[in-house]
Amino acid sequence: MLRLLILILLLANGGYYAWSQGHLREWGFAPVQEGEPQRLGQQLRPETLQILRARPTNPAPPPPVAEAAPAPSATECLQAGVFDERQADALRTAAGGLPQGSWALESTPLPARWMVYMGRFEDQEALDKKRAELRARKVDFDRPGGTLEIGLSLGRFATEEAAKRELAALGEKGVRTARVVQERPETTGFTLRLPAVTDALRPQLDMLRSALAGKALRSCS
């Protein structure tokens, strides 16, 4: 009897409910019925499902952009020189109308200078005749300026010795009447310096034009 009951249990668990004709239901061995009404009521109805879109969250406003500070006006350092004492006085007068602190005259030592010189000539005709002779000998010359007019400069030199060597070289070219003179002694000159020229200041520099004695304003670098 025990063997028969075990066989019946094995057959029922193996799916042979039809063979057992449902006699094992009361023992708890009947297969689960998928068509039970209570299970159908638990099923989801796919035709009624709705897909909900996530609402976008409001993005945080961007941080305020700080206003850029205005770029400082570009400046340039300009200078001109060297000027002697008389020219420096004229510059001081001309620059008096510029903003205070926008300019300065800085002292600059000027070493002595020597010249190979021909002159003074009696008149313009004598000067022109000597110029023609020097051109024929292919000797360069220019005006000496100052108290050495009417005459010719055949070269300027930082030392007296250098001027004498040039005089000797000119003698080999047939130049006989030249001599070495001191063009100027060691002295102090002046340099005009404008350390921070702005676009607003630049038009005002025209007032300096006549006092610059032909010297141009150039960069300090």
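Residues numbered from 1 in each chain as written. Predicted model: local features only at pLDDT ≥ 70, side-chain atom pairs only at ≥ 80, totals over all residues. Heavy atoms only, no water.

Roughly 260 Å³ of volume is contained in the largest pocket. Surrounding the largest pocket, Val82, Phe83, Asp84, Glu85, Arg86, Gln87, Leu110, Arg184, Thr187, Thr188 and Lys215 form its lining. Broken down by secondary-structure element, the contributors of at least two residues to the lining of the largest pocket are strand S1 (76–83), helix H4 (85–94) and strand S6 (187–197). Grouping the amino acids of the lining of the largest pocket by side-chain chemistry returns 3 nonpolar, 3 polar and 5 charged. Size it by volume and the second largest pocket reaches roughly 180 Å³. (1 Å grid on protein atoms, 1.4 Å probe; cavity = no way out; pocket = protein on both sides within 12 Å on 5 of 7 lines; lining within 4 Å. Points joined across faces, edges and corners; volume = space filled by probe spheres on them. Helix = DSSP H or I, 4+ residues; strand = E, 2+ residues; numbered from the N terminus. Nonpolar A, V, L, I, M, F, W, Y, C, P; charged D, E, K, R; others polar.)

Turning next to the sheet that holds strand S2 (residues 104–110). Spatial strand order, S2-S6-S1-S7: 4 strands in an open sheet with antiparallel pairing. The open sheet has two free edges, formed respectively by S2 and strand S7 (218–219), since each of these has just one partner strand. Where S2 meets S6, 7 bridges bridge the pair, whose relative direction is antiparallel. Considered in S6, the bridge of Ser107 is made with Phe190. Sheet contacts for H4: S1, S2 and S6; angle to S1, the most-contacted strand, approximately 140°. (Pairing = 2+ DSSP bridges. Contact = heavy atoms within 4.5 Å. Axes fitted to C-alpha atoms, helices over the stretch in contact; angles between N-to-C directions.)

A few words now on the packing of aromatic side chains. Under the criterion given, the structure shown has 0 aromatic pairs. Over the aromatic face of Phe190 sits the side chain of Arg92, whose NZ or CZ is 5.3 Å from the ring centroid. (Phe/Tyr/Trp six-rings, centres within 6.5 Å; stacked < 30°, edge-to-face > 60°. Lys NZ or Arg CZ within 6 Å of the ring centre and 35° of its normal.)

Let us now look at the side chain of Gln87. Within the secondary structure layout, Gln87 lies in helix H4. Among residues more than four places away in sequence, those in contact with Gln87 are Val82, Ala213 and Lys215.

Here the focus is the pattern of salt bridges. One pass over the structure, following the stated rule, counts 12 salt bridges. Residue Glu133 is joined to Lys130 by a salt bridge in which the shortest nitrogen-to-oxygen separation is 2.9 Å. Linking Glu133 with Lys130, this pair stays in helix H5 (residues 124–136), spanning 3 residues, or about one helical turn. You can call Glu133 partly exposed: its relative accessible area is 31%. For Lys130, a relative accessible area of 16% puts it in the buried group. (Salt bridge = Lys/Arg side-chain N within 4 Å of Asp/Glu carboxyl O. Buried < 20%, exposed > 50% of the residue type's maximum accessible area, 1.4 Å probe, protein only.)

This paragraph deals with the nonpolar core. Among the nonpolar cores identified, the biggest contains 18 residues, and Leu91, Leu98, Leu192, Leu194, Leu205, Leu208 and Leu212 are the most heavily contacted of them. For this core, the secondary structure elements donating two or more residues are S1, H4 and S6. If one sorts the elements of this core by residue count, S6 sits on top with 4 residues. The residues contacting Leu212, other than those within four sequence positions of it, are Ala80, Phe83, Leu91, Leu192 and Leu217. Within the second largest apolar cluster, 16 residues are counted, among which are Phe121, Leu127, Leu134 and Val139. (Core = buried A, V, L, I, M, F, W, Y, C linked by side-chain atoms within 4.5 Å.)

In short, the description is geometric, and any link to function would need to be established separately.
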